[in-house]
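Notes for the structure review
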Amino acid sequence: MFSSHPPFQIDGNYGFLASITEILVQSHNGVIRVLPALPGSWPSGALTGVRLRGGLWACLTCSGALASLGIRRLSGDPLRTVTVVYTGRREEIFLAIGEERWLVC
């Protein structure tokens, strides 16, 4: 385990996973930042079913750069704009509850 100190250190294990998620996608103040800190040693990968602030859910794939991004509104205010930012590109979308949108880059 990532935190091998007895007894089992659940906070260290969850903290590690949370930090990896923040490298791939961040959601603060109604803005979703995608791949804000992707390490160069991770040339490709995918993130599936991560929950974001504001009642949102996301999946993404990348191969050196963002290939696709899916966002679904699970709950929250459907009249609130979802702003997606990726390397200077900014897109604002509206999603009703249960609606999903895929952005292909």
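Now for a description of the structure that goes with this document. Bear in mind that the values here come from a model prediction, so they are computed numbers and not experimental data. (Residues numbered from 1 in each chain as written. Predicted model: local features only at pLDDT ≥ 70, side-chain atom pairs only at ≥ 80, totals over all residues. Heavy atoms only, no water.)

As for the sheet that holds strand 3 (residues 44-52)
Ordered by their spatial adjacency, four strands build an open sheet running 3-4-5-8, and the pairing between neighbours is antiparallel. Looking at strand neighbours, the two that pair on one side only are strand 3 and strand 8 (100-104), the edges of this open sheet. Geometrically, the sheet is characterised by an average inter-axis angle of 10° between neighbouring strands, direction not taken into account. Pairing between strand 3 and strand 4 (residues 56-63): seven bridges, direction antiparallel. Residue pairing in the sheet places S44 in a bridge with S63 of strand 4. (Pairing = 2+ DSSP bridges. Helix = DSSP H or I, 4+ residues; strand = E, 2+ residues; numbered from the N terminus. Axes fitted to C-alpha atoms, helices over the stretch in contact; angles between N-to-C directions.)

Topic: the sheet that holds strand 1 (residues 25-28)
Reading across from one edge, 1-2-6-7 is the order of the four strands in this open sheet, with mixed pairing throughout. Of all strands in the sheet, those bounded by a partner on one side alone are strand 1 and strand 7 (89-93). For this sheet the average axis-to-axis angle between neighbouring strands, irrespective of direction, equals 20°. As defined by bridge partners, strand 2 (residues 31-34) adjoins strand 6 (residues 82-86) across three bridges and the pair is classed as parallel. Within the sheet, the bridge partner assigned to R33 lies in strand 6 and is V85.

Section: the side chain of T83
Locating T83 in the fold gives a position in strand 6. Those residues in contact with T83 that sit more than four places away from it in its chain are G30, V31, I32, R90, E91 and E92. (Contact = heavy atoms within 4.5 Å.)

As for the packing of aromatic side chains
With the rule as written, the count across this model stands at zero aromatic pairs. In this structure, R72 packs its charged tip against the face of W57, placed 4.3 Å from the ring centre. (Phe/Tyr/Trp six-rings, centres within 6.5 Å; stacked < 30°, edge-to-face > 60°. Lys NZ or Arg CZ within 6 Å of the ring centre and 35° of its normal.)

Some thoughts on the pairing of strand 5 (residues 66-73)
For strand 5, the buried fraction is high: six of the eight residues fall into the buried class. Pairing analysis gives seven bridges linking strand 4 to strand 5, with the strands arranged antiparallel. Across the sheet, A58 pairs through a bridge with I71, a residue of strand 5. In textbook terms, the turn of a hairpin is the stretch between consecutive antiparallel strands, and for strand 4 and strand 5 this stretch comprises two residues, one of which, G64, has a positive phi near 85°. Bridging between strand 5 and strand 8 involves five bridges; their strand directions are antiparallel. In the sheet register, R72 faces strand 8, and the bridge partner there is E100. (Buried < 20%, exposed > 50% of the residue type's maximum accessible area, 1.4 Å probe, protein only.)

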